[in-house]
Amino acid sequence: MMYDNSTSRSALLLVLFALCLLVCAGVSSGQDPSPPRLSIREARIDANGDFIPDRIGQRITVGGRASSHSGVLHSSRLSVFLQDSANGIELYNIDTGDPIEEGDSVDATGTVEMYEGVTRITRAEYRVIKVDRPMARPLDLTVSEAPDERYEGLLIRVRGAVTRSWNDDYGSFLTLAEQPGDPDTLVVFLSFRHKPGINLSNYSVGDQVAVTGILGQYVRGGRLDGGYEVYPRYPEDIRKEGATAESYLIALLVSAALAVLALIWIVAMRRQVAKRTRELRESEHRFRTLLENVQLASLTIDRETRITFANEYLVELAGWSNEELLAMEIFDLLMPPAGMTRQAFREAVRNGTVPVHFEGELVTRSGEKRLIAWNNTVVHDADGNVEGTASIGEDITERKLVEERLSASLAEKELLVKEVYHRVKNNLQTVSSLLSLQSESIKDPATRELFIENQHRIRSMAMIHERLHRSRTLARIDFREYLQGLATSLFRTYATHGNIALRVDVQDVSLPVDASITCGLIVNELISNSLKHAFPDGRAGEIVITMHGTPAGGYALTFTDNGVGLPEGFDIHGAKTLGMNLIASLTEQLRGELEISTAEGTRYTITVPAA
């Protein structure tokens, strides 16, 4: 009896366990399962070959890389194609949601549908995953290869000839064939909802075009039902290639014109041969006539430096007759170029190495010396051998005298300007000395400090005029030497202990006088402020001043100290001290931009544009 009870209990437990499994199975079967994650190929599968995906109406999840931006194929809806390594599909929704950019990786969940022949995922929920990968590369196909179910939804590139062009209620169209006259095999379609930027009316029948776009099908009536079309995305996706119908016609007309011109040229050349001999005979006469009338000295010499020709202008300038000149050697009339002996000049004539340009003195019959600027050409015979030299010279005697007077006047003016700078410097130093003397009698430390600060400002301007006085040029200042001297002078005044280091790193920057004075005053204020406030109680530190040119042609001045820094929330435009107001005002005067950083001390960066 006990055995029977134990057996009954075991059977009862088995029944209860089985009921629990059935209940759990029933609950599980009543839940909405998560949509399966499929590849794009699995989403588009068409096992029965009716050109309709087997999963129409099913909700699935797919992933792929976007081959266009949101808002391009459809200006007000989400219409983006995704593709993986071998398949593509459209992602469509009324709400645009998070914008998708070409190249983005996208996970999308939605219902498989077909619209006008295009398989798509509608009512899609998606997640954009932006990763640093290259964008989808178009698959190169021929116009005949492209109409294939395998390539639908992929980014492709085709080349072909335009056979038709039209517009209707759907948008704009071109039909393509392999070659002009072949049957239509592919359509280029631009929806009226496409983002503006492409104009298919620019292409004519017969044009060879290259088109990049996404391959789709269509079932709209009246246009190659069940055929394939390409959707270009951006203006650069379609362009003309090779020769158009108009260019073939132009080429034909040009070829005919060239043939006519060639015939005319042959006839003309026969006449030219007859004329050329006569013209060559006349050329020497015209050349000699020109040399006789030009207001320049002209002569030729042979390999032995004997004069073989002299024009009338040279005859009048030299004072000898033409017969007398033709009996002379060149050195009876002219001095050789500076640095050359007579023998060296003879060798240069024989070798054809006479300087192309040189200035030499011509001695006239009366003994007067005239300075002539000569331009020389080597003369060769028919076999290329050196025959001598032909020269044309300009009398520059008067011009040289004027240049010498101008140079002397310029040197005198530069000396006067330097003297002015020297006197300005002396006056500024006098004012600085007066301020120094006056400050010694002032008991109030704050007032005395104001005198010292103004003394340093005047000294910074005086140093500019001192450098102008010593400079070779009066227009610009070598700012590196000036800045080093100014910083050293201020350090001697303010640095009461030796714990503060100074480092100046300035490239070869030269500035106009006004900009130099302004920059000097700014640096004066920055150094003074830093030495007085940045390193309290003998604190050690470093001040670094750098200045370098910018790619745009301006320059950047940077002042850095690793002191205690500026107060939190500091605004230089709201500062009440004269020094800070001067820095802001002088920066505006330079048309520069001032940036202040208070991380690990204080950094001032002033960037000045090109003048």
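Note that the structure is a prediction, hence the values are computed from the model and not measured. All chains use their own residue numbering, which begins from 1 and follows the written sequence. For this predicted model, a pLDDT threshold of at least 70 governs which residues receive local features, and a threshold of 80 or more governs which side-chain atom pairs are given and counted, while totals over whole chains, interfaces and linings are taken from all residues. Processing note: side-chain calculations cover all non-hydrogen atoms of the structure and skip hydrogens and water entirely.

### Remarks on the pattern of salt bridges
Quick note on the threshold: Each salt bridge in this description consists of a side-chain nitrogen of Lys or Arg and a carboxyl oxygen of Asp or Glu lying within 4 Å of one another. The way it works is that DSSP assigns letters per residue, a run of H or I at least four long becomes a helix, a run of E at least two long becomes a strand, and they are numbered from the N terminus. Think of it in three bands: with a 1.4 Å probe and only protein chains considered, a residue is buried below 20% of the maximum accessible area for its type, exposed above 50%, and partly exposed in between.
According to the stated counting rule, one finds 28 salt bridges in the structure shown. The shortest N-O distance in the salt bridge between Lys130 and Glu101 comes to 3.8 Å. Here Lys130, found in the loop between strand E5 (118–129) and strand E6 (139–140), pairs with Glu101, found in the loop between strand E3 (88–93) and strand E4 (105–115); they are 29 residues apart in sequence, far enough to count as distant. For Glu101, a relative accessible area of 42% corresponds to the partly exposed category.

### Concerning empty space enclosed by the protein
Condition: Space inside and on the surface of the protein is sampled on a 1 Å grid over the protein atoms alone, with a cavity defined as a set of points where a 1.4 Å probe fits but cannot get out and a pocket as an open set with protein on both sides within 12 Å along at least 5 of 7 lines; lining residues have an atom within 4 Å of a point. Grid points are joined across faces, edges and corners, and a volume is the space filled by probe spheres set on the points.
Within the structure shown, the criterion is met by one cavity of 30 Å³ or more. Of the volumes computed, that of the largest cavity is approximately 100 Å³. Residue assignment for the lining of the largest cavity shows that the elements contributing at least two residues are strand E13 (297–302), strand E16 (369–380) and strand E17 (386–395).

### Overview of the side chain of Ser191
Formally: Polar contact criterion, stated in full: a pair of N or O atoms within 3.5 Å, where within protein one must be able to donate a hydrogen and the other to accept it, and residues adjacent in sequence count only if both atoms are side-chain atoms. Note on contacts: a residue pair is in contact if any heavy atoms of the two residues lie within 4.5 Å.
Structurally, the position occupied by Ser191 is in strand E9 (residues 186–191). Since its relative accessible area comes to 17%, Ser191 is described here as buried. For Ser191, the side chain forms a polar contact with the main-chain nitrogen of Arg193, separated by 3.0 Å. The residues contacting Ser191, other than those within four sequence positions of it, are Tyr170 and Gly171.

### A closer look at the confidence of the model for the chain
Short version of the rule: Scored between 0 and 100, pLDDT is the confidence that the predictor attaches to each residue.
Put simply, the chain has an average pLDDT of 80, and 81% of its residues get 70 or more. Every residue in residues 22–32 is under pLDDT 50, and counting partners more than four places away or in other chains gives zero contacts.

### As for unusual backbone geometry
In the Ramachandran plot, Arg123 falls in the positive-phi region, its phi being about 45° despite a non-glycine side chain. Tracing the backbone shows Arg123 in strand E5. We note that Arg591 has phi near 60°; this positive angle belongs to a residue other than glycine. Mapped onto the fold, Arg591 is located in the loop between helix H11 (578–589) and strand E23 (593–597).

### A short note on a nonpolar patch on the surface
For the record, the criterion: Any residue with relative accessible area above 30% and no salt bridge may belong to a patch, with like charges joined within 9 Å and the nonpolar Val, Leu, Ile, Met, Phe, Trp and Tyr side chains within 5 Å. Reported accessibility uses the Shrake-Rupley method at a 1.4 Å probe radius. Residues are deemed covered only where the shown protein chains occlude them.
Taken together, Ile250, Val254, Leu258, Val260, Leu261 and Ile264 make up a surface patch of nonpolar side chains, about 560 Å² in accessible area. Examined against the element boundaries, Ile264 turns out to sit in helix H3 (residues 245–293).

### Thoughts on the sheet that holds strand E22 (residues 555–561)
Here is the rule: Here, strands pair whenever DSSP counts at least two bridges between them. The axes used here are C-alpha line fits, helices contributing only the stretch in contact, and every angle between their N-to-C directions lies in the interval 0 to 180 degrees.
In space, the five strands of this open sheet follow the order E19-E21-E22-E24-E23, with mixed pairing throughout. Where the open sheet ends on each side, the last strands, each with one partner, are strand E19 (500–506) and E23. Pairwise comparison of adjacent strand axes, ignoring direction, gives a mean angle of 10° for this sheet. As defined by bridge partners, E19 adjoins strand E21 (residues 541–549) across seven bridges and the pair is classed as parallel. Note on E21: the bridge partner recorded for Ala501 is Glu542. In the packing of helix H9 (residues 479–494) onto the sheet, contacts are made with E19 and E21, and the angle to E19 comes to roughly 170°.

### Some points on the packing of H9 against helix H10 (residues 513–533)
Heads up, the rule is: Every angle not falling under 35 degrees, over 145, or within 65 to 115 is termed oblique; those three ranges are roughly parallel, roughly antiparallel and roughly perpendicular. Left-handed describes a crossing whose near helix is turned anticlockwise from the far helix through less than a right angle; right-handed describes the clockwise counterpart.
Interaxial distance between H9 and H10 falls to 10 Å at its minimum, and their mutual angle equals 30°. In terms of orientation, H9 lies roughly parallel with respect to H10. Crossing handedness for the pair H9 and H10: right-handed. Contacts between H9 and H10 involve Phe479, Tyr482, Leu483, Leu486, Ala487, Leu490, Phe491 and Tyr494 from the first element and Ser516, Cys519, Gly520, Val523, Asn524, Ile527, Ser528, Leu531 and Lys532 from the second.

### Focus: the nonpolar core
How we decide: What we call a nonpolar core is a set of buried Ala, Val, Leu, Ile, Met, Phe, Trp, Tyr and Cys residues that are connected through their side-chain atoms within 4.5 Å.
Within the largest apolar cluster, 41 residues are counted, with the highest numbers of intra-cluster contacts made by Leu511, Ile527, Ile543, Ile545, Met547 and Tyr555. Breaking this core down by element, the ones donating at least two residues are H9, E19, H10, E21, E22, H11 and strand E24 (602–608). When residues in this core are grouped by element, the largest group, 10 residues, is from H10. Counting residues in hydrophobic clusters, the runner-up holds 24 residues, among them Trp320, Leu333, Ala348 and Ile372.

### What about the packing of H10 against H11?
To keep things clear, this is the line we draw: Asp, Glu, Lys and Arg are counted as charged, while Ala, Val, Leu, Ile, Met, Phe, Trp, Tyr, Cys and Pro are counted as nonpolar; the rest, among them Gly, fall into the polar class.
At their nearest, the axes of H10 and H11 sit 9 Å apart, and the two run at 155° to each other. Classed by the angle they form, the pair H10 and H11 counts as roughly antiparallel. For H10 against H11, the interelement crossing comes out left-handed. Side by side, H10 and H11 meet where Thr518, Leu521, Ile522, Glu525, Leu526 and Asn529 of the first sit next to Gly579, Met580, Leu582, Ile583, Leu586, Thr587 and Gln589 of the second. Its residues assigned to classes, the contact of H10 with H11 shows seven nonpolar, five polar and one charged.

### Re H11
Put simply, the test is: By this rule, a helix spans an expected 1.5 Å times one less than how many residues it contains. When we speak of the arc, we mean the arc of directions from the helix axis to the C-beta atoms.
Taking 1.5 Å of rise per residue, 12 residues should cover 16 Å, and H11 covers 16 Å from first to last C-alpha, within 8% of that figure. Of all the positions in H11, only Gly579, Met580, Ile583, Ala584, Leu586 and Thr587 are classed as buried. Each buried residue of H11 lies within a common arc of 170° when the element is viewed along its axis, so the set occupies one face. Of the residues in H11, the exposed ones pointing more than 90 degrees away from the buried face are Glu588 and Gln589. Of the residues one or two after H11, Arg591 is the one with positive phi, at around 60°.

### Here we look at the environment of Pro36
Assignment of secondary structure puts Pro36 in the loop between helix H1 (2–30) and helix H2 (40–44). Between the C-alpha atoms of Pro36 and Thr61, which are 25 residues apart in sequence, the distance is 6.0 Å. Beyond its immediate stretch of four places on either side in the chain, Pro36 contacts Arg59, Ile60 and Thr61.

### As for the sheet that holds strand E15 (residues 357–363)
If you trace the five strands from one edge of the open sheet to the other, you get E14-E13-E17-E16-E15, paired in antiparallel fashion. Pairing within the sheet leaves two strands with one partner each, and these edge strands are strand E14 (307–310) and E15. On average, each strand axis in the sheet is inclined to that of its neighbour by 30°, with strand direction left out of account. Across nine bridges, the pairing between E16 and E17 is antiparallel. Bridging across to E17, Asn376 finds its partner in Ser391. Strand contacts of helix H6 (residues 342–351): E13, E15 and E17, with the helix running at about 115° to E17, the strand carrying the most contacts.

### A short note on H6
Burial in H6 covers these residues: Phe345, Arg346, Ala348 and Val349. End-on view of H6: buried residues confined to an arc of 160°, all on one side of the axis. Looking one or two places after H6, you find Gly352, whose phi comes out positive at around 75°.

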